[in-house]
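Okay, here's what each chain looks like letter by letter:
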Amino acid sequence: MLEAVERRMRQYIAELGDRDAASLYARLPAGKRLRARLILMIAGSGPAAIKTAAVVEMIHAASLLHDDVIDDAFIRRGRPSINALYGNKTSIMFGDVLYSKAFHELVDIDRRVARIVSAAVVQLSLGERRDVLLSQSFNTDREAYLHMIYQKTASLIEAASESAATLAGKNPDAYRTYGRNLGIAFQMIDDLLDITQSAQQLGKPAMHDFEEGKTTLPYIYLYETLGETERERLLAMHGRPVTEENAAWIRAKMAETGALERARGEAEALVHEAIVLMKREREPALEAMARKMIERDY
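Okay, so let's go over this structure. Source: prediction; values computed, not measured.

### Thoughts on the overall build of the protein
Here's step 1: Scanning the protein for helices and strands turns up 16 helices and two strands.
Here's step 2: The C-alpha radius of gyration of the protein comes to 19 Å, within 12% of the 19 Å expected for a compact globule of 298 residues.
Here's step 3: For the protein, the C-alpha atoms occupy an extent of roughly 60 × 50 × 30 Å along the three principal directions.
Here's step 4: Considering the protein as a whole, with its 298 residues, one finds that 53% of them fall into the buried category.
Here's step 5: Nonlocal contacts in the protein, meaning residues at least 24 apart in sequence, comprise 73% of its contacts between residues at least 6 apart.
Here's step 6: Carbon together with sulfur atoms contributes 50% to the accessible area of the protein, which is approximately 13700 Å² in total.
Here's step 7: Positive and negative charge centroids in the protein, built from 40 and 43 side chains respectively, lie 5 Å apart.

Shown next, in the form of structure tokens:
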């Protein structure tokens with residue numbers, strides 16, 4: 001079913017009639033296609049589901065193009081990013097092309113789906129801005145972090161789940177909550193892996209988030225448990241290139257204080273709630289997807 005989504009996305013790009021756009025699209029790594037998988041698992045493989053999955057994945061790809069510019073990220077899933085290859089202007093403008101084409105196709109699917117997805121894109125855009133603002137200093141506000149990752153990451157996964165349920169005539173509330181929990185947990189695990197995994201495993205530089213000024217949940221919990229002198233050392237590292245010595249110190253302190261496990265426990269609680277919901281809806285495949293989310297190492 002995913003191949004049908006890939007074909008539809010290539011069709012949308014071909015319809016633009018622009019060789020440059022086609023060439024840039026061919027450079028984009030496919031990634032996990034989490035949102036498309038979610039839609040197909042909930043709504044099946046009918047035309048509306050395939051089209052919704054393609055539109056949502058194009059929106060996600062557009063947001064990543066913009067993110068790479070904002071974050072000065074030159075590697076995306078182990079390959080040079082579009083901004084690394086062709087510059088920031090190209091990355092931003094191609095992201096705009098994908099957004100525009102996705103919305104053009106979205107309006108023909110279902111009015112309810114169009115409203116759900118477009119509302120999520122508003123939240124996604126606000127989340128990208130909020131991420132930049134929070135990165136200007138070391139953020140110690142857990143609620144601000146959670147709200148930002150809901151907007152920037154979970155909102156589109158939530159919308160994918162709710163849209164699919166709407167198309168399939170299923171309970172939208174249950175699937176909306178499932179998607180939201182899955183999305184927040186997904187980002188929490190990503191933030192953990194940025195600390196614990198190597199660049200080779202991640203397909204991008206390790207601890208890049210901290211270098212860019214992002215204060216994810218493990219860093220917030222670490223800061224809460226450190227003494228004054230160690231807090232000052234952590235703050236001095238924030239937003240700067242992370243040396244091997246500093247990376248080792250951060251990982252050691254994370255292990256010593258239990259900051260990583262505390263953050264992981266929050267992600268696991270969200271996933272557990274999502275699994276309970278899908279048990280009620282008799283969706284074993286979605287239960288398995290949630291379990292896989294928490295167990296992944298990249």
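### Describing helix H16 (residues 284-295)
Here's step 1: A rise of 1.5 Å per residue sets the reference length of H16, with its twelve residues, at 16 Å; its end C-alpha atoms lie 17 Å apart and thus fit the reference within 8%.
Here's step 2: Taken together, the buried positions of H16 are Leu 286, Glu 287, Met 289, Ala 290, Met 293 and Ile 294. Along the axis of H16, the buried positions cluster into a sector of 160°, meaning they face one direction only. Residues of H16 that are exposed and point over 90 degrees away from its buried face: Pro 284, Lys 292 and Glu 295.
Here's step 3: At its buried positions, H16 is contacted by helix H3 (34-43), helix H9 (172-196) and helix H15 (259-280).

### With respect to the side chain of His 238
Here's step 1: Position of His 238 among the secondary structure elements: in the loop between helix H13 (228-237) and helix H14 (244-257).
Here's step 2: His 238 gets classed as buried once you look at its relative accessible area, which sits at 12%.
Here's step 3: Here the side chain of His 238 touches Gly 213 through a polar contact of 2.8 Å, landing on its backbone oxygen.
Here's step 4: Other than its neighbours up to four places away in sequence, His 238 contacts Ser 135, Ser 137, Phe 138, Phe 210, Gly 213, Lys 214 and Thr 215.

### Here we look at helix H2 (residues 19-26)
Here's step 1: Listed as buried for H2 are Ala 21, Leu 24 and Tyr 25. The buried residues of H2 occupy an angular sector of 100° when projected down its axis, which confines them to one face. The exposed residues of H2 that point more than 90 degrees off its buried face are Arg 19 and Ala 26.
Here's step 2: Elements in contact with the buried residues of H2: helix H1 (2-15), helix H5 (82-86) and helix H6 (88-106).

### Regarding the pattern of salt bridges
Here's step 1: By the definition in use, this model includes 25 salt bridges.
Here's step 2: A salt bridge links Asp 110 to Arg 112; the nearest nitrogen and oxygen atoms lie 2.9 Å apart.
Here's step 3: The buried category is assigned to Asp 110, whose relative accessible area is 17%.
Here's step 4: Of the residues examined, Arg 112 reaches a relative accessible area of 47% and is grouped as partly exposed.
Here's step 5: Put simply, Lys 253 and Glu 230 hold a salt bridge, and the shortest N to O gap is 2.6 Å. Here Lys 253, found in helix H14, pairs with Glu 230, found in helix H13; they are 23 residues apart in sequence, far enough to count as distant.
Here's step 6: Because the salt bridges share partners, they merge into one network encompassing Asp 67, Asp 71, Asp 131, Lys 152 and Lys 214.

Cut-offs and rules
Residue positions are counted from 1 within each chain, in the order its sequence is given. In view of the model being predicted, local features appear only for residues whose pLDDT reaches at least 70, and side-chain atom pairs are presented and counted only at 80 or more, with totals across whole chains, interfaces and linings using the full set of residues. For side-chain calculations, the full set of non-hydrogen atoms in the structure is used, while hydrogens and water are omitted. By the criteria applied, helices consist of DSSP H or I runs no shorter than four residues and strands consist of E runs no shorter than two, each listed in order from the N terminus. Computation of the radius of gyration draws on C-alpha atoms, with the globule rule given as 2.2 Å multiplied by the number of residues to the power 0.38. The classification of residues rests on relative accessible area computed with a 1.4 Å probe and restricted to protein chains. Under 20% of the type maximum is buried, over 50% is exposed, and intermediate values are partly exposed. What makes two residues a contact is simply this: any of their non-hydrogen atoms within 4.5 Å. Shrake-Rupley sampling with a 1.4 Å probe provides the accessible areas, and residues are treated as covered by the protein chains on show and by no other component. The charge count includes Lys and Arg as positive and Asp and Glu as negative, but it does not include His or the ends of the chains. Charged side chains are reduced to one point each, which is NZ for Lys, CZ for Arg, CG for Asp and CD for Glu. Residue count minus one, scaled by 1.5 Å, sets the expected span of a helix. Arc definition: it is the arc formed by the directions from the helix axis to the C-beta atoms. Each polar contact in these results corresponds to two N or O atoms within 3.5 Å; when the atoms are within protein, one needs to be able to donate a hydrogen and the other to accept it, and residues that are neighboring in sequence are counted only if both atoms are side-chain atoms. Here, a salt bridge means any Lys or Arg side-chain nitrogen found within 4 Å of an Asp or Glu carboxyl oxygen.

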